[in-house]
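Residue-level structure breakdown
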Amino acid sequence: MAENKAVLVIGGGFSGLTAAVETAEAGNDVVIVEKNPYLGGRVAQLNKYFWKLCPPVCGLEINFKRIKNSSQVTFHTLAEVQEVKGEEGNFEVTLKVNPRYVNDKCVGCDACAQACPSYRSNDFNFGMDKTKAAYLPFNQAFPFKYVIDANACSKDCGKACAEACKYDAIDLNMKPETITLKVGAVVMATGWTPYDATRMDILGFGKVQNVITNMMMERLSAVNGPTGGKITRPSDGKEVKNIAFVQCAGSRDENHLPYCSYICCLASLKQAMYVREQYPDSKAQVFYIDLRTPGLYEHRFLAKAKSDPNIILTKGKVAGITEDPASKDVIVEVEDVFGGTKIKAAFDMVVLATGMVPGTKDTKIVKDISYTPDGFVDASTAKKGIYAVGTLKSPVDVARSVQDATGVAIKSIQSLRRK
Ligand SMILES: Cc1cc2nc3c(=O)[nH]c(=O)nc-3n(C[C@H](O)[C@H](O)[C@H](O)COP(=O)(O)OP(=O)(O)OC[C@H]3O[C@@H](n4cnc5c(N)ncnc54)[C@H](O)[C@@H]3O)c2cc1C
């Protein structure tokens, strides 16, 4: 790798991956640093993409292939940046790479997981199921390598997985490593996290068992999710045939997130379609303040939802969510603005359309960055050679993240050439 002529990309979600492959295919070295044990970010957790409803894994696969075919992209998973010093053309970056306890000989055969006696909560599925302590993050993970969660291992159980591995791929002596890199430009692509739904007391999340978030709904609908794609409710596994979606769960609320999270209306319409497709005798009701389906999504997607009489769109802000203790149904109270009445209705399950919070917690490591009052990176004030991309700058869909990342790739190449 040509020192100082490389670009560091922090975050291996769709934005970071795009910035990395576009930069590399223009002839520059790129290093991706990703804190998860896999690349792909939040998109890897989605069931389908609006508006075409195709599987997101296709888009990710294309980028993974571009990485595999490129000699100019290297990546570190389970890694985080600890320090960034210097200036455009001459940054020194310190990384901490945490141990995977599984080396490159891993062929993904599952023998270690089968032998493993310990379990951990599955964070990929938002805790809706468990994996073994030796696990593959998900069935299409890239890199396709197992990981061992040392915190979940029981005393002395490591012997079982090491003995089960025919390929000598388990290395329980791995230690955290510190790596120093010299790069010419830095791209921050640390993305977003879901807003903490427990903070909205009246919406029942964490107290009412059959209230889940929109990201949980993505996992619940996915064939590689906790129920194999069968949309059933958490309390008793009942098929969900009467579902409600609560829009702006946190977004557009001065007490929570003052901004519109851009994708939530589209996500709920998409998820209403998941239910309608799975159970033809189902109905889905979406409670919204304003339905926002920007640009081409209006006629390509909203129109499709509206053409289904069993997707009911009701203008009204939800005032309270409680549980029927006997049936575990979810009771939603809401004012029907157009109908001029108050609705109190029971649903099998309720999905909160929780908003997107910028993943800026870790960008603070990079100095000389300003933040907007609502917490996103203010790219206009960043120092030369440091760029932010995608959902770190505002809540956006994948298409916009990709456009932005392609632009940022050009900016960072220009930056390398200035020096
Ligand atoms: C319910 C829901 C459904 C959605 N459905 C769609 C859809 O159908 N179609 C669509 O276009 N969009 C959809 N979106 C939006 C989509 O998820 C985002 O546009 C996309 O995730 C943006 O990618 P990103 O790379 O900017 O961020 P992310 O996907 O968040 O990726 C950021 C990456 O950075 C990593 N990272 C974070 N901090 C660090 C750190 N300190 N060091 C190293 N790595 C770090 C993360 O682990 C992650 O891998 C949906 C969003 C929601 C909430």
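Residues numbered from 1 in each chain as written. Predicted model: local features only at pLDDT ≥ 70, side-chain atom pairs only at ≥ 80, totals over all residues. Heavy atoms only, no water.

**Comments concerning the packing of aromatic side chains**
For clarity, the threshold we go by: Working definition: a ring pair exists when centres of Phe, Tyr or Trp rings (six-membered ring for Trp) sit within 6.5 Å. Plane angles under 30 degrees give stacked, over 60 give edge-to-face, the rest tilted. Labels follow the DSSP assignment, with helices taken as runs of H or I lasting at least four residues and strands as runs of E lasting at least two, numbered in each case from the N terminus. Each residue's exposure class comes from its accessible area (1.4 Å probe, protein chains only) as a fraction of the maximum for that residue type: buried when under 20%, exposed when over 50%, partly exposed otherwise. Lysine and arginine charges are scored as sitting over a ring when NZ or CZ, respectively, is within 6 Å of the ring centre and within 35 degrees of the ring normal.
Tallying each qualifying case throughout the model produces nine aromatic pairs. Their ring planes at 90 degrees and their centres at 5.3 Å tell us that Tyr38 and Phe138 sit as a pair that is edge-to-face. Taken together, the residues span a long stretch of sequence, with Tyr38 in the loop between strand E2 (29–33) and helix H2 (56–68) and Phe138 in the loop between strand E8 (134–135) and strand E9 (147–148) at a distance of 100 residues. Residue Phe138 is classed as buried on the basis of its relative accessible area, which comes to 6%. For Arg42, the ring lying beneath its charged end belongs to Trp192, and the centroid distance is 5.3 Å.

**Quick word on the packing of helix H1 (residues 14–25) against helix H8 (residues 398–418)**
Two numbers describe a pair of packed helices, the interaxial angle and the distance between the axes. Applied cut-off: In this description, a line fitted to the C-alpha atoms serves as the axis of each element, helices being fitted only across the stretch in contact, and the angle between N-to-C directions of two axes falls anywhere from 0 to 180 degrees. Each angle is binned into one of four classes, with values under 35 degrees roughly parallel, values over 145 roughly antiparallel, values of 65 to 115 roughly perpendicular, and all other values oblique. Two helices crossing with the near one rotated counterclockwise from the far one by less than a right angle form a left-handed crossing, whereas a clockwise rotation gives a right-handed crossing. Note on contacts: a residue pair is in contact if any heavy atoms of the two residues lie within 4.5 Å. Three classes are used, and their members are as follows: Ala, Val, Leu, Ile, Met, Phe, Trp, Tyr, Cys and Pro are nonpolar, Asp, Glu, Lys and Arg are charged, and the others, Gly among them, are polar.
Running from amino to carboxyl end, H1 crosses H8 at an angle of 40 degrees, the nearest separation of the two axes being 8 Å. As summarised for this structure, H1 and H8 are arranged oblique, according to the angle between their axes. H1 and H8 meet at a crossing whose hand is right-handed. Of the residues in H8, those in contact with Phe14, Ser15, Thr18, Ala19, Glu22 and Thr23 of H1 are Val398, Ser401, Val402, Ala405, Thr406, Ala409, Ser412 and Ile413. Of the residues assigned to the contact of H1 with H8, the class counts are seven nonpolar, six polar and one charged.

**So, H1**
Here is the rule we go by: Each helix should span, by expectation, one fewer than its residue count multiplied by 1.5 Å.
A rise of 1.5 Å per residue sets the reference length of H1, with its twelve residues, at 16 Å; its end C-alpha atoms lie 16 Å apart and thus fit the reference within 8%. A large share of H1 lies buried, amounting to ten of its twelve residues. Within H1, burial applies to Phe14, Ser15, Gly16, Leu17, Thr18, Ala19, Ala20, Val21, Thr23 and Ala24. In the segment just after H1, Gly27 is the residue with positive phi, at about 100 degrees.

**Notes on the side chain of Asp29**
What counts is decided by this rule: Counted as positive: Lys and Arg. Counted as negative: Asp and Glu, with His and the chain ends omitted from the count. Whenever a carboxyl oxygen of Asp or Glu lies within 4 Å of a side-chain nitrogen of Lys or Arg, that contact is scored as a salt bridge. The definition of a polar contact used here is a pair of N or O atoms within 3.5 Å, where within protein one atom must be able to donate a hydrogen and the other to accept one, and adjacent residues in sequence count solely through side-chain atom pairs.
Note on placement: Asp29 falls in strand E2. Buried within the structure, Asp29 lacks any salt-bridge partner; Lys5 is the closest side chain of opposite charge, at an N-O distance of 11 Å. A distance of 3.2 Å separates the side chain of Asp29 from the side chain of Gln72, its partner in a polar contact.

**Some thoughts on the pattern of salt bridges**
Per the stated rule, a full pass over the model turns up 25 salt bridges. In this structure, Glu92 and Lys85 form a salt bridge, with 4.0 Å as the shortest nitrogen-oxygen distance. A residue is classified by how much of its surface remains accessible, and Glu92, at 26% relative accessible area, is partly exposed. In this structure, Glu239 and Lys230 form a salt bridge, with 2.7 Å as the shortest nitrogen-oxygen distance. Look at Glu239 and you get partly exposed, because its relative accessible area is 32%. Shared partners join several salt bridges into a network, and the residues in it are Lys230, Glu239, Lys241 and Asp281.

**Brief notes about the nonpolar core**
Rules: Here, nonpolar core refers to any group of buried Ala, Val, Leu, Ile, Met, Phe, Trp, Tyr and Cys residues whose side-chain atoms link them within 4.5 Å.
Counting residues in each nonpolar core, the largest one holds 47 residues, and the members touching the most others are Val9, Ile32 and Ile67. Only strand E1 (6–10), H1, E2, H2, helix H3 (111–115), strand E11 (185–188) and H8 provide two or more residues apiece to this core. Residue contributions to this core peak at six residues, all from H1. Each residue touching Val9, except ones within four places of it in the same chain, is listed here: Gly16, Ala20, Val30, Val31, Ile32, Val33, Val187 and Ala189.

**Some remarks on the pairing of strand E20 (residues 349–354)**
We apply this condition: For two strands to pair, DSSP has to find at least two bridges joining them.
Across the six residues that make up E20, a large majority, six, are buried. Side chains Met349, Val351 and Ala353 project from E20 onto one buried face, and the interleaved Val350, Leu352 and Thr354 project onto a second face that is buried too. Relative to E20, strand E13 (residues 211–213) runs parallel, the two being bridged by three bridges. Bridge pairing in E20 links Val211 to Val350. Of the pairings in the sheet, the one linking strand E14 (residues 242–249) to E20 comprises five bridges and is parallel in character.

**Points about the sheet that holds strand E10 (residues 177–183)**
A sheet is described by the order of its strands in space; here three strands give the open sequence E4-E5-E10, paired in antiparallel fashion. Each of the sheet's edge strands pairs with one partner strand only, and the pair in question is strand E4 (79–87) and E10. Neighbour-to-neighbour, the strand axes of the sheet open up by a mean angle of 20 degrees, direction not taken into account. Summarising the sheet, strand E5 (residues 90–97) and E10 pair through seven bridges and their orientation is antiparallel. Bridging from a neighbouring strand, Val93 pairs with Leu181 of E10.

**Looking at the sheet that holds E13**
Reading across from one edge, E13-E20-E14-E15-E16 is the order of the five strands in this open sheet, with parallel pairing throughout. The open sheet has two free edges, formed respectively by E13 and strand E16 (311–315), since each of these has just one partner strand. For this sheet the average axis-to-axis angle between neighbouring strands, irrespective of direction, equals 25 degrees. As paired strands, E14 and strand E15 (residues 283–288) are joined by five bridges and run parallel to one another.

**Some thoughts on the pairing of strand E19 (residues 341–347)**
Sheet topology places strand E18 (residues 330–336) next to E19; seven bridges connect them, and they run antiparallel. Looking at E19, one finds that Val332 is bridged to Ala345. What sits between the antiparallel neighbours E18 and E19 is a turn of four residues, in which Gly340 has the positive phi angle 70 degrees.

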